[in-house]
Amino acid sequence: MDERNNVTSTNEGDAQETENRVVVDRIKEDIEMKLQTLYARTLKNASDSQIYKAMAMALRDRVMEKWAYSKEREMETNGRQLYYLSMEFLMGRLFGNNLMNLGLEAPVTQACEELGIDLNKVRNSEPDAGLGNGGLGRLAACFLDSLATLGMEGHGNGIRYEYGLFKQKIVNGFQVEVPDPWLEDGNVWEVAKPEEPEIVCFGGTVERYIKDGKEYVLLPGAQCVKAIPYDMPVLGYDSEVVNTLRLWGARALKPMDMGLFGQGRYVDSLAEKELAEVISKVLYPEDNHTEGKSLRLKQQYFFVSASIQSIYRKFKEAGNNIFDFHKKVMIHINDTHPALAIPELMRILMDKEGLDWDDSWKITRQTFAYTNHTILEEALEKWPTELMKTLLPRIHEIIYEINEEFCKGLWKIYPGQWDRIGSMAIISHGEIHMARLAITGSFSVNGVAKLHTEILKNDVFNDFYKLEPKKFHAITNGVTHRRFLLKANPELAQLITDKIGNSWVKHPSDLIHFKEYAEDKKVHQQLADIRLENKKSLTDRISRKYKIEVDPTAIFDVQVKRLHEYKRQLLNVMHIMYLYNKILDEPGFTMHPRVFIFGAKAAPGYHNAKLIIKLIHTLAKKVNNDPRVKNLIKVIFMENYRVSLAERIIPASDVSEQISTAGKEASGTGNMKFMLNGALTIGTLDGANVEMMEAVGIDNMYIFGLTAEEVSDYYKTGHYKPFELYQRNPELKKILDQLVNGFLEPEHPDMFQGLFNSLLYGHYGMADPYFLLKDFEPYCLRHTRLGKEYGKPELWWKKSIINISHAGEFSSDRTIRDYNEKIWHLPVYNGRKKGK
C-alpha cells in the first residue's frame, strides 16, 4: 500500500515538474521573441528598459487573454456593475503585482535565472505613476484589486494625467517640485481607445427646443474637447474576473489650425490643442488663482462627463430599459471631486433621453453612493457659483434646480427654520457646496471608520443625518494585504504560510490563526531575522542614495505619509529634538539607538508643510553630524515617497507613527500596512487607530494624547492655552526656542519663525490648532515605554504577532465585502477558468 502511494506521489511530482518545465520554457521563448520582434535585439545587446518591456509584453499577452474572456462573460451576463469615480488612482508598479496575481512568480524567476536576467532590475525599470497624492488614490487602487479578486465587476474611472503629481527633489533641504513624465516611454499596460471618444463641452449658452413634445437642450458657443479612453486591466488574485481602469485623456477636436500654420503663426496654430490637452496634464494644479480654480473645475467635469456618457452609452447598447438604469449601474463617488457626476447624469437623462425632472431625479438618486473622506473644512469643496455658471452653464442650471427642490422639501419639514435650511442648502453665500450635493443626490453616504462616521453623523452632517438616518453607513477602510505583505515582504509571508497554510492570501481573516504563535520563541527569532534582513536592505539603499550609514539593529521609527499639519510630523520632530537635548545635556543618558525615517510630499502651495520638510532636513544635518550623539539617533528623509518606496520601507519598520490630531484623520491606511507587517503603532485614538486598538488590545499599541471628544470640546470652549504649556514645561520651552534662536539655523535664525508663531500665537485663528503642545508630554512618555519594551524581545515580538494576526480585519477584501453587503449588491462571479 505504501509502495503504491509512493509510486503515485512520484508520478504526480514528475508530471508537475514536466508542466513547470513547459511553462518556464514558454516564458523564455516569449521573452526572447518579444525582444526580437519589438526591438530587433537579443538578450546580449538589449538595454534594461527593452528587457523590461519585452517581459512586460509577454506578461501582457496572458493578461489580455484573461481580460478578453472576462469582457465576454460580462457582456453575456449583463449584470449589475460598479463604476468607481475617483480623481486619484495610485496603482503602483503593475509588473510584479500582475506576476503575483497570475501565479507566475516562480516560473518567471526561474526563466530569468536561466536567461541571466536580473529580475529586480526589471521590476525597478517600470515607472511608478504618481496618479494620486496619498491615501485617497491608494485606497481606490486597493479597492480595484479586491473587487477583481472577490469576483465582482467594478471598474475605475479617472484621469490619465500626463505628469501625475510631481517628483520631489530636495535641494538644500527644501522641497522642489519637478514634472513626473511617467508616460514619456509609454505605458505597457494601457490600451488606447480613440474609436470610443466622448465629447465634453464647456461654456456656451443654454438654448432649448421641442421635439415630439419633449424639451431638449443645446449649448451653442461651447468649447468642446474630446475625451479619449485609455483602458488598463485590473487583475484579481487567482480570479477569472479582470476589471477595467478607464483613464481619460483630453484631446482637441481640431489638433492644428492649418490656415494659421500656413501664415507662419505656428504657436497660434496649436493654441486650441494646448488649451484642450492641459486639462489632463497635471494632477491638482495650483488653485490659488482664478485660472487654477477654473482648470480644477474643468478637470472634475471632464472626467465625470466622459465617464457618465460612456456608462450611459454602454447601458443603451446592451438594449436595457432606461428605467432599469439603477438596477444595472452602480456609481460610487470617491470623495467630493466627482460629485458633478450627479447633475451630469441628470443632464443626460433629461437632455438626451428626454425624461422629465421627476423620473430623472428618481433614477439618479437610486444610482449614486458617496464616500466622505474628510472633515477638514478646507477639504470640503466649494465652488463659486459665478465660475460654475460661466464654465458649466447647463450643469449650473441643474444644480440650481436640485437646490430649489431640496430647500422646498426642507421648508415643509422645518418651516421657518431659515438658519437650518441655509446650513443644508447646496447653494449658499455665492458658493456651491459639493459635499451637500453629493449627499442630496445619493442613496448612501458612508464614512471610512467608525469614529469618522460618528463625527459625520453627530457634527459635520448632523442635519442631513437627522433627515435621513438610514442613508449613513460606517465602512472602515482596508488595504490589499497581497501587495503589502505577500509581494512586499515575501519572507514574512512565507513564514506565516509555513505556520498556518496559505488560505490567508485569499481569506485574510485566517491570519488570526498566526496568533497561536504569539509566545513561540522560535517564531520570535524568525520574525527578528526577517526584520533585520529587511532593515539591512533599506540601510543599503540609504547608504547608496544619501551617503548616511545607519545601524540596522537600531529601532526604525517611521512616519511616511502626505505632509499636513494635522498629521503632526512636527510633533515627531519635537520628540527627536527632546532626545537630542537629553543626549547633550545629560552625560549619563542612554537609550536604544533609533533611526527616524520620514517620507512625505507637501502640496506645492502649502507653505508650512514645506517649511516642516526644511526643518526635518536641518535637524537631520545637525544630529547626523554631531559626534556627541554617538549614533544614538539618526534622522533620514527619503525623497519622493511613492508606492514602490513604501513597499521597501514598511517591511523594515519597527515603529509606525500614526499621531494625527484625534478626530482629524478620517481613517488612515498606512497604519494598516505597518500593522500587517508587524510594526507596532504609536498613535492617537484617531481614525482606524481606534478599531485597531479594539482588535489587538490597548497593551499592544502605544496610545497617547487627547481624544476626539476632548479636541472638539477645546474647539467649542476656546479654553486651550498653549502659551501656558510653553511657559510651564522647560523641556518644551527649550525645543520651541531652539526653532528661532539660531540653534538650528545660525545664519537664518528666523527660518522657522512661522512654525514657532503658529504654535504659540496662531496666524488667522487659534494658536496650535492641532494640539502639539498638549500632546507633547504624553507622546514622549509613550516613546520612553516603547524604547524599554523593544529591549524585551519576548514581549515585543509577541505584540508584533498579535498585530499581524488581527490585520486581516483591515484588508480591503473585508472592506469590499462590507460595501457590497450594505450598498452595492453586486453579483459575485465564481465561474470556471476559460482559455489556455
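Residues numbered from 1 in each chain as written. Predicted model: local features only at pLDDT ≥ 70, side-chain atom pairs only at ≥ 80, totals over all residues. Heavy atoms only, no water.

Undergrad: Looking at this structure, I do not really get the sheet that holds strand E20 (residues 633–637). What am I missing?
TA: The strands making up a sheet associate through hydrogen bonds between their backbones, and the pairing can be parallel or antiparallel. With respect to topology, 6 strands assemble into an open sheet ordered E20-E19-E18-E21-E22-E23, the strand pairing being parallel. Looking at which strands have only one partner, the edges of the open sheet turn out to be E20 and strand E23 (702–703). With 5 bridges connecting them, strand E19 (residues 594–599) and E20 associate as parallel partners. Paired with Arg-594 across the bridge in E20 is Ile-633. In the packing of helix H22 (residues 521–546) onto the sheet, contacts are made with strand E18 (555–560), E19 and E20, and the angle to E18 comes to roughly 65°. (Pairing = 2+ DSSP bridges. Helix = DSSP H or I, 4+ residues; strand = E, 2+ residues; numbered from the N terminus. Contact = heavy atoms within 4.5 Å. Axes fitted to C-alpha atoms, helices over the stretch in contact; angles between N-to-C directions.)

Undergrad: How do you make sense of the pattern of salt bridges when you look at a structure like this?
TA: Oppositely charged side chains can pair when the atoms bearing their charge come close. Per the stated rule, a full pass over the model turns up 53 salt bridges. Of the charged contacts, one joins Arg-628 and Asp-626 as a salt bridge, the two residues approaching to 2.9 Å between their closest N and O atoms. Ionic pairing is found between Lys-799 and Glu-789, a salt bridge with its closest N-O pair at 2.5 Å. With Lys-799 in helix H33 (residues 793–806) and Glu-789 in helix H32 (residues 772–790), this pair connects stretches of sequence that are 10 residues apart. Judged by relative accessible area, which is 4%, Lys-799 ranks as buried. (Salt bridge = Lys/Arg side-chain N within 4 Å of Asp/Glu carboxyl O. Buried < 20%, exposed > 50% of the residue type's maximum accessible area, 1.4 Å probe, protein only.)

Undergrad: I'm lost on the packing of aromatic side chains in this one. Help?
TA: Any two aromatic rings considered together are summarised by their centre-to-centre distance and by the angle between their planes. On inspection of all chains with the given rule, the structure shows 25 aromatic pairs. On the numbers, 4.7 Å between centres and 45° between planes, the contact of Tyr-720 with Phe-771 is tilted. With a gap of 51 residues between them, Tyr-720 in the loop between helix H28 (708–717) and helix H29 (722–728) and Phe-771 in the loop between helix H31 (753–760) and H32 connect regions that are remote in the sequence. For Phe-771, a relative accessible area of 0% translates into the label buried. Through successive ring pairs, a cluster of aromatic residues spans Tyr-84, Phe-143, Tyr-819 and Trp-824. Above the plane of the ring of Phe-556 lies Lys-535, whose end atom (NZ or CZ) is 4.8 Å from the centre. (Phe/Tyr/Trp six-rings, centres within 6.5 Å; stacked < 30°, edge-to-face > 60°. Lys NZ or Arg CZ within 6 Å of the ring centre and 35° of its normal.)

Read these as geometric descriptors, not functional statements.
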